[in-house]
Amino acid sequence: MAEAVKVAVRCRPFNQREKDRNAKCIINMNGQNTTIANPDTPKEEPKTFAFDYSYWSHDGFTEDSEGVLNPIPGSKYASQQIVFDNLGKGVLNNAFEGYNCSLFAYGQTGSGKSYSMVGYGKNRGIVPIICDDLFKTMNQNNAANMRYEVTFSMLEIYNEQVRDLLQKENPKGGLQVRQNPKLGLFYVQSLKYVPVGSYAEIEKRIEQGTANRTVASTNMNATSSRAHTVVTIIFDQISKDDSGSETKKSSVMNLVDLAGSERADSTGATGDRLKEGANINKSLSALGNVISALADQSMGKKKVLVPYRDSVLTKLLQNALGGNSKTIMIAALSPADINYDETLSTLRYADRAKKIKNNAVVNENPIDKLIRELKEENERLKKSMSGGGVMPGSTGMSAEDIEKMKKDMEEEIRAQLEANMAVIGSNSATWEERLKQAQNEDTGVDQYADRKTKDPHFVNLNEDPMLSNVIFHYINPGVSTVGRQDRDGKSKPDICLSGLSILSEHATLTCSGVTVELKPAEQGAKIKINGQPVTGTQTLVNKDRVMFGSNHLYVFINPKNDDSADDLPKNITYEFAQKEIAQAKGFATGSTAGLTKEQQIVQEQVLEILPMVSEVNAISEELNKYRSFEVVLLSAAARGAANSGSRGDDNTRVMVKMKNLLNSNTWLWERGKFMNRRYIMQEMYQSWLDGEDMSKTKENDDPFWEPTEDVLIGTTNMYLRFLCFPMDFDYPAPVKDYKGQDEGVIDLYITPCTANGKNIQDLDLIASEAVEPEEAAEELRGKPFNFKIDVISARVDKARFSKGLKVKYKMLKDKEDTETKMVKGTVNPEFKHSKVVKIPTVTQEWIDFFLTGHVTFELYGLQQESANDVKLAKMSTKELRQLEQLQKTSQITRRDTSFSLNTAGNDSDSRLKSEFVLLERKYERLLQKEKRLQQLCEEWNSKSGIEKQFKPFHTAVNNLVSAGATSNNTASLSRRTSVVLTQILAGQKALKEQRQNSDGTEVLQANKQIQNPTIEDKQGNETQSKACTLM
Ligand SMILES: Nc1ncnc2c1ncn2[C@@H]1O[C@H](COP(=O)(O)OP(=O)(O)OP(=O)(O)O)[C@@H](O)[C@H]1O
Ligand SMILES: [Mg+2]
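Okay, so let's go over this structure. A quick note: this is a predicted structure, and the numbers were derived from the prediction, not measured.

1. Details of the overall build of the protein
Line of reasoning, step 1. The secondary structure content of the protein amounts to 25 helices and 43 strands.
Line of reasoning, step 2. Expressed as a percentage of its 1031 residues, the buried residues of the protein come to 50%.
Line of reasoning, step 3. For the protein, the proportion of contacts with a sequence separation of at least 24, taken over those separated by at least 6, is 70%.
Line of reasoning, step 4. Carbon and sulfur atoms form 50% of the exposed surface of the protein, whose accessible area is close to 49,000 Å².

Right, here's the structure in full:
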């Protein structure tokens, strides 16, 4: 009977980072319902989802002395035991009844998938408890006519390759996934299935698998959260009836810990020339498609094709999803506001999954029949292999294609034969023997467990807590070596590491008594202790964090000599060690208290990306790609994004700068694009390790290659408040790079102008008496307004930018950048660029823009695919990077401080500066205005008798004072202006005197014009008295 997939969601506690950040919990649970609130729209109703189980594991628990988390009485906390009781017990019962069972955990990285599936320490997850109870129940059920056979396998799918985790060595490209032609089901060829006789044996195998996973992930530089881990337990119950014939009830239990469900857009392939990243987890996206298709199907949609074949994972989970299996999905949720998008998408995913219907049947068959069928099938397979002949659909194929197809088919058949033989074989009397053999096998686990408390050793740290504290390297007395096992297998160091930046002879360790000294074997051997590069011999201290190469991170433990610093945490974590490395590189990583949310996110992203950048640098060195990479924090201002209203977000962005070491060309990559490229670089490195010739990679497919593009030298921001008055502004604007370093100057001139671009005469500009730009801006509202931008010239400090320079900017409402011409061959280019911005009507948007916005002028340098420096090309990437490093450290001015998160600093400087210049200009204007008025008064005064014609004087004064002045705000008059007024009044007095001798009509008109009631009546008297005291 069709039965829906059971879906449970589970919300974990805050992690330390979230606590530090005062994260808000956006998840709520009530009975079966889970709600999620959007932190950006607090007024909106939270979205509600209903599931079979909603597990609240966020709070309401205490930790006992053993480290087990237990619910506080009365709280709704769901412990591991409750989750097992609800879900695990059902799995177990179904297994005993002979159903296939599948359990898989879905959720974003760090959301708690592994915690629920496997668990940590004493907080065992569902898988170990199921296994434990399986054996307990088997032992209780011990009946004479019944025997049990349990086999265990563990595999990992990474990058569409299957790796057997119970074997140290895996073939290149991983194990093959094949389809059983009869049953249609997929299986992994040559996967190791080991017989297990007790729970302890399963525990040991899980440990073995985890250790192999850790080693592989470190050596291959693979990010474990991108891997899917599948544990398969085959549970057979064989019963004998009175006649002696045996029946087998078989249950296949697939326990799947899926890769982190990072969304495609956060992986950044979207905007990249190389799109591979879209495939970063082909299996995971295929799983999503399969679930959607199955959900559609169960909703009655016809003709739905379920794309199982699209990925390795969906092939292997075919039965679990829509097939012969009882299936449970646990969706792990992060409670933090910052993860809203991811968590909502997990909830939607889970919501879709619950619509899937499966048809589980009891797998029970007489063994004789099973064996007979398999044997018959094998006969048939053998025949078809020897038969050869023309295959269907082969017409029109080339001989080569036919040959290949034939070969593939033969392989397919051979694999099937093998698989069948394995089943037939396991049913012969050798089960006990096979079990014994497996039990005696050296799994590499547990051998030295007692040494942990006695001998000095290294224990590994991994970004996945599941893979931390898994690998132990013990240090023997005397001298031991650390290094890479050479490919020819000749040299074998005592501590064998492999992977990026590990040399054949990397370091030596000298252990005498309880003291261990570490010495790099040669100058280029990369080792860091507690974040600091090691150059000479150093005595190791208990809990020292030691990094070999670019990603072998260990904690040194000296059980008999605990001389570690008191302020170190009890357990050193991967995050702790990474923070320390970031700090040593000059990045602020301290307490997040006092940082804005954006800054905290930036800090987290820096911590995440730094190890990736080191890794990519190491790949570049190994493949000799002549590229170096560096993390760059680009403030909104430095990117030209802040307040311009047209360039997207205002946040500081974490970006990566790639530099061509042979011609100094540089590129700036968005974080997502970098991550995408890194993924392709990892693949490239892997293929190189597998012996592929990488020199044949075409430029277009090379993740290290990028067509040249103009490089952003730096930016400057021009604030436009002066335009409100309206005034002009000329400014040698300082250009700063992303680190806040001066790179040069752009000479800018911005002035109000007529519609055809004619500068409005200087004095005519003095239209407004408003003091505050807000008031002045009001005067512009609703009127047409034009201004002109002149990019006159520039000056850069670095000669290498003389190839060509240009300036780009974007005005409010502009869709495209405006660019000056590219001026080549000079560091002092004359752009002579001029553009009139015509505003038909000044709207609120423009007023806001004048008051708070700015224009960012970006200075770009031309980069050409110039010939590589021959001298440099003689050196290796590694040598060039070392040289670069040396040059950096020898610079007296350490730039590191600018890496602090306060990247807004740059911009607030230029804002203040422009405000200051504006005030200066306003003051200057008033002085000028006053001077001119005084001059006019003096000129007039100096005239005698009839020459003292008032009309020209009045016109001049009137032009100065009242043209365009509509402000009624009398308070805006400066004291100095009042002086001018006094003079005007004096002029009026003189006028009265003159009136007696001349033509009255004309003077009266003039008088009418001059009067500005506000100035004259309200202010006049008062200012006059003040002005008098002043004079
Ligand atoms: N229910 C829980 N109670 C307490 N701690 C939890 C719970 N769920 C998760 N955690 C903690 O959160 C951290 C991340 O969990 P976990 O390793 O299970 O994440 P994940 O989803 O497997 O991540 P990845 O995709 O990277 O493998 C771990 O330190 C784990 O101990
Ligand atoms: Mg995990």
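2. Re the site of ligand 1
Line of reasoning, step 1. Near ligand 1, the surroundings consist of 18 residues, among which Gly 110, Lys 113, Ser 114, Tyr 115 and Tyr 120 are the closest.
Line of reasoning, step 2. Gly 110 places a polar main-chain atom, nitrogen or oxygen, 2.7 Å from an oxygen atom of ligand 1.
Line of reasoning, step 3. Within the side chain of Lys 113, a nitrogen or oxygen atom sits 2.7 Å from an oxygen atom of ligand 1.
Line of reasoning, step 4. Burial of ligand 1 by the protein chains amounts to 83% of its free accessible area of 630 Å².
Line of reasoning, step 5. Sort the elements by how many residues they give to the shell around ligand 1 and helix α3 (residues 113-117) lands first, with 3 residues.
Line of reasoning, step 6. Split into classes, the residues belonging to the shell around ligand 1 amount to 5 nonpolar, 9 polar and 4 charged.

3. Quick look at the nonpolar core
Line of reasoning, step 1. Leu 287, Leu 321 and Met 329 are the most contacted members of the largest nonpolar core, which totals 48 residues.
Line of reasoning, step 2. Apart from the residues lying within four places of it in its own chain, the contact partners of Leu 287 are Leu 258, Leu 313, Thr 314, Leu 317, Leu 321 and Tyr 349.

4. Some thoughts on helix α13 (residues 574-584)
Line of reasoning, step 1. The complete set of buried residues in α13 reads Tyr 574, Ala 577, Gln 578, Glu 580, Ile 581 and Ala 582.
Line of reasoning, step 2. Taken together, the buried residues of α13 touch β28 (527-529), β31 (545-548), β32 (552-557) and α14 (597-622).

5. Quick notes on the environment of Gln 437
Line of reasoning, step 1. Within the secondary structure, Gln 437 is located in helix α12 (residues 431-440).
Line of reasoning, step 2. Counting along the chain gives 242 residues from Gln 437 to Pro 195, while the straight-line C-alpha distance between them is 8.9 Å.

6. Notes on the packing of α13 against α14
Line of reasoning, step 1. At their nearest, the axes of α13 and α14 sit 10 Å apart, and the two run at 80 degrees to each other. Regarding the angle of α13 to α14, the classification is roughly perpendicular. Counted together, Tyr 574, Gln 578, Lys 579 and Ala 582 of α13 and Leu 607, Leu 610 and Pro 611 of α14 form the full contact between these two elements.
Line of reasoning, step 2. Tallied by class, residues from the contact of α13 with α14 come to 5 nonpolar, 1 polar and 1 charged.

7. So, the pattern of salt bridges
Line of reasoning, step 1. With the rule as written, the count across this model stands at 41 salt bridges.
Line of reasoning, step 2. Here Glu 621 makes a salt bridge to Lys 526, at a shortest N to O gap of 3.4 Å. Of this pair, Glu 621 sits in helix α14 while Lys 526 sits in the loop between β27 (515-520) and β28; the two residues are 95 residues apart in sequence, bridging distant segments of the chain.
Line of reasoning, step 3. Overall, the relative accessible area of 13% leaves Glu 621 in the buried class.
Line of reasoning, step 4. One continuous salt-bridge network, built from bridges that share partners, spans Arg 124, Asp 132 and Lys 136.

8. Here we look at the packing of aromatic side chains
Line of reasoning, step 1. Counted by the stated rule, this structure contains 24 aromatic pairs.
Line of reasoning, step 2. Taken together, a centroid distance of 5.9 Å and an interplanar angle of 75 degrees make the contact between Phe 787 and Phe 850 edge-to-face. Note that Phe 787 is positioned in strand β39 (residues 785-796) and Phe 850 in helix α18 (residues 844-852), a separation of 63 residues in sequence. For the pair Phe 787 and Phe 850, one class covers both residues: buried.
Line of reasoning, step 3. Three or more aromatic residues joined by ring pairs form one cluster here, namely Phe 785, Phe 787, Trp 846, Phe 849 and Phe 850.
Line of reasoning, step 4. Directly above the aromatic system of Tyr 99 lies the positively charged group of Lys 326, at a separation of 4.4 Å from the ring centroid.

What counts, and at which threshold
Residues numbered from 1 in each chain as written. Chains lettered and ligands numbered in written order. Predicted model: local features only at pLDDT ≥ 70, side-chain atom pairs only at ≥ 80, totals over all residues. Heavy atoms only, no water. Helix = DSSP H or I, 4+ residues; strand = E, 2+ residues; numbered from the N terminus. Buried < 20%, exposed > 50% of the residue type's maximum accessible area, 1.4 Å probe, protein only. Contact = heavy atoms within 4.5 Å. Areas by Shrake-Rupley, 256 points an atom, 1.4 Å probe, with all protein chains shown as cover. Near = heavy atom within 4 Å. Polar contact = N/O pair within 3.5 Å; in protein donor to acceptor, adjacent residues only side chain to side chain. Nonpolar A, V, L, I, M, F, W, Y, C, P; charged D, E, K, R; others polar. Core = buried A, V, L, I, M, F, W, Y, C linked by side-chain atoms within 4.5 Å. Axes fitted to C-alpha atoms, helices over the stretch in contact; angles between N-to-C directions. Parallel < 35°, antiparallel > 145°, perpendicular 65-115°, else oblique. Salt bridge = Lys/Arg side-chain N within 4 Å of Asp/Glu carboxyl O. Phe/Tyr/Trp six-rings, centres within 6.5 Å; stacked < 30°, edge-to-face > 60°. Lys NZ or Arg CZ within 6 Å of the ring centre and 35° of its normal.

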